[in-house]
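# Breakdown of the fold
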Amino acid sequence: MNTDPVKTTLRCILLLSFLLSALPAGAVYSYDGIPLASDAQGTFRGEIYIDGGHGLSFPPYSQEFDVPDGTLRWARLYVGVWGGTENYKGWVLPEFNGQRLEQLQLAGVEDKNENVYCAGHGVYWVSYDVSNITKNGNNTVEVLTSSGEPGNKLDGRVYGAVLAAACEDSKAPLVSYQLLSGNVNLHGKGWSGTLANVNDQTDVNFISSQIPGSPEAATLSVAYLTGSRGLPDYLEFNGEMLGISPAYLAESYGGKAMDIANEVSFDASGKEGSSSSYFDIEHFDVLNYLQTDNTVSFVRGLDLDGDGEIGLQEGEDYLHPVLAALVLSSGSTASVLPDLYPEMEVPEQELVDEKSAEISFTINNPGGICEENCTVSFRVDGTEVLTSSALMEASGVYKSSFSWPAVEGEHLIELAVDPEAKIQESDEENNVCALNVSVKSKPDLSVSLEEPLKIEAQEETSSASLLFFSVLSLFGARRKKPLFLLLIAVFIIAAFSGCVDETQTVEKTTYSIPLKITNSGEASALDFDVNLYLDGESVTVLKIPELEGQTSMEDQIRVRTLKGEHTLSVKVDEHNDIVESDEDNNGFEESCYFN
């Protein structure tokens, strides 16, 4: 482990300055989507309310909710919006119980808003904290989008709105719950655009219940966007298939096909349900399938005819699971203490020497409600670099991030919550998480060319009619050119009835130029260009999505030009978008004879 005292001291000083301004991490667009993660969790006496609907419609989109009695501890409003494509931009603006919420930008592939999850070809799932304005009884949301605004391209139709809320009641049963939210795009090949991949299934895991003894009831709630009636899809809980096979699929698949996301909400367990175009919300009794840790699988389709693939009628074209919640309840009279435990995550591409690595972290509390400030301590290679505080809320999830000025080498990063043990917890042994990270040296790109290889010759005919030359001759005569030009002009005009052409032939040849790009550093170089110039003029630009560290790649670039001496030059990362250890070896130039 690297414990150089000078580097450690410098790292600690820099880390302190970054951590003091830590901000929540933002969401980033992904075609395959954003995995479902905890939005709320905990154990208390009361009820978890989850409801919504009624399907795709143009704004203004209204939805009512009937929140049960009890002290409201937290509430989340979720809104699904159809963008049309991932390249269109616009906005969404809900009004909840008469109060306008924040107008959030929907930026598609450029989206980085922490409350906006965009996936696929422009399917949005947007969340709002409405804890302070939710009330018992009737609640109403009206959603506006940029649809219809001059210059707007965003489709802007609303799939649906969902409200989740925790209502505490000291006389109610004890409940332990976890609410997950995200936006996963399940799709087949035909719906992946230029991507050749499929995404047939996504799994989510629920942590162990904090309820003492055995739960007496267990409800799984799920919500989907973009589902289509008549195209099968499946939902599994600990490997058990949920729902009932609908009658309209019985003839095709002999009762084996399910259709959970069928544009009818609350019907998957056999009830009548209500129509909800391209939107589904369902509740399932899963008590008989409970385990210590539980897994839910969202499945786009199954190969029912045994031909090795999910056919067009065997699964959804595309399907977006956006919410999953598991709520367990018990009549136990025992009290439950808080249970704080941290998690950390840092993408590998962030761990580059001298780069500020963005490390996201979550403090979880699946136990009893805790609404206190708790100490958070960060250590690097055993040295404490900062102690800060985090205010835990009733929702049981605290998310944030910090920037670490990474230094090349192997390091141990530790995050401790409540290290002084001031908060009484049910488990004091899970308050520390650690990551062993390897910080790589910066990328170092270089490029070289080999001799051009002749592929084919192609004649290009350059014709000029004699009439044209005659005009030139006369034009020259008017400019007092020699007498023979006048004679040529007279001859041409005399013979003009035949319009005789004289042809010049210029031969251009197609060449293949071998190109080699090398990354001598340890870290990958992402999203850079390679520019080729012939005699100072741009010939082509290659877009390279990634070149891993200490690897090379080869390519062939085709050019068409005249035979003879030419100057070839190539530049990699010409605009220095990639931070490298050596910026002076990114170009290559040589004179070549094209024969």
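Conventions used here
- Residues numbered from 1 in each chain as written.
- Predicted model: local features only at pLDDT ≥ 70, side-chain atom pairs only at ≥ 80, totals over all residues.
- Heavy atoms only, no water.
- Salt bridge = Lys/Arg side-chain N within 4 Å of Asp/Glu carboxyl O.
- Helix = DSSP H or I, 4+ residues; strand = E, 2+ residues; numbered from the N terminus.
- Buried < 20%, exposed > 50% of the residue type's maximum accessible area, 1.4 Å probe, protein only.
- 1 Å grid on protein atoms, 1.4 Å probe; cavity = no way out; pocket = protein on both sides within 12 Å on 5 of 7 lines; lining within 4 Å.
- Points joined across faces, edges and corners; volume = space filled by probe spheres on them.
- Nonpolar A, V, L, I, M, F, W, Y, C, P; charged D, E, K, R; others polar.
- Domains from an automatic or database assignment.
- Pairing = 2+ DSSP bridges.
- Axes fitted to C-alpha atoms, helices over the stretch in contact; angles between N-to-C directions.
- Core = buried A, V, L, I, M, F, W, Y, C linked by side-chain atoms within 4.5 Å.
- Contact = heavy atoms within 4.5 Å.
- Polar contact = N/O pair within 3.5 Å; in protein donor to acceptor, adjacent residues only side chain to side chain.
- Disulfide = S-S within 2.5 Å.

As annotated in an unreviewed UniProt entry, the chain carries the name Cell surface protein and is attributed to Methanosarcina siciliae C2J.

### A short note on the pattern of salt bridges
By the definition in use, this model includes 11 salt bridges. Salt-bridge contacts for glutamate 168 lead to arginine 73; the nearest nitrogen and oxygen are separated by 2.5 Å. Of this pair, glutamate 168 sits in strand β10 (residues 157-168) while arginine 73 sits in strand β3 (residues 71-82), and the two are 95 residues apart along the sequence. Residue classification places arginine 73 among the partly exposed residues on the basis of a relative accessible area of 21%. Where lysine 89 meets glutamate 110, a salt bridge forms, and the shortest distance between an N and an O atom there is 2.6 Å.

### Here's the deal with unusual backbone geometry
Omega for the peptide link from glycine 53 to histidine 54 comes to 15 degrees, which places this bond in the cis form. The peptide bond linking proline 59 to proline 60 adopts the cis configuration, its omega dihedral lying at 0 degrees. You will see that glutamate 263, though not glycine, has its phi angle at about 65 degrees, which is positive. Residue placement: glutamate 263 occurs in the loop between α2 (247-253) and β17 (264-265).

### Some points on the layout of surface pockets
Quantified by volume, the second largest pocket comes out at close to 410 Å³. Residues that form the lining of the second largest pocket fall into these classes: eight nonpolar, two polar and eight charged. When residues are assigned to domains, the lining of the second largest pocket turns out to be shared by domain 2 (337-439) and domain 3 (442-455 + 507-594), each giving three or more.

### Remarks on the sheet that holds strand β36 (residues 587-594)
Taking strand neighbours across the sheet as the criterion, the four strands line up as β33-β32-β35-β36 in an open arrangement whose pairing is antiparallel. Two strands lie at the open edges of the sheet, namely β33 (537-547) and β36, each paired on one side alone. Going across the sheet, the axis of each strand differs from the next one's by a mean of 20 degrees, ignoring polarity. Across eight bridges, strand β35 (residues 564-572) lies against β36 in antiparallel orientation. Each bridged residue has a counterpart across the sheet, and for lysine 571 the counterpart in β36 is glycine 587.

### Considering the nonpolar core
In this structure, Leu77, Val92, Phe96 and Val130 are the most contacted members of the largest nonpolar core, which totals 30 residues. Listed by contribution, the elements that provide at least two residues to this core are β2 (61-67), β3, β4 (90-96), β6 (104-106), β7 (116-119), β8 (123-129), β9 (137-145) and β10. At five residues, the largest contribution of residues to this core is made by β10. With near-sequence residues (within four places) excluded, phenylalanine 96 lies in contact with Phe65, Leu77, Leu101, Val130, Ile133, Thr134, Asn139, Thr140, Val141 and Leu163. One finds Ile50, Tyr78, Tyr117 and Phe279 within the second-largest nonpolar core, a separate group that totals 28 residues.

### Quick notes on the sheet that holds strand β27 (residues 409-417)
Strand pairing in a sheet relies on backbone hydrogen bonds, with the paired strands running either antiparallel or parallel. Spatially, four strands are ordered β25-β24-β27-β28 in an open sheet, and the strand pairing comes out antiparallel. Taken across any chain shown, the strands that pair with only one partner, and hence form the sheet edges, are β25 (383-391) and β28 (432-439). Here the average twist between neighbouring strands, direction ignored, is 20 degrees.

### Some remarks on the side chain of threonine 43
Positionally, threonine 43 belongs in strand β1 (residues 33-53). Within the local environment of threonine 43, its side chain forms a polar contact with the backbone oxygen of proline 366, the two atoms lying 2.8 Å apart. Every residue in contact with threonine 43, bar those within four places of it in the chain, is listed here: Leu174, Val175, Ser176, Tyr177, Gln210, Val336, Pro366, Gly367, Gly368 and Ile369.

### Quick look at the state of the cysteines
All chains considered together, the criterion is met by zero disulfides. Unpaired in this structure, cysteine 374 has its nearest cysteine sulfur neighbour in cysteine 370, at a distance of 6.7 Å. Under the relative-accessibility criterion, cysteine 374 is labelled buried at 2%.

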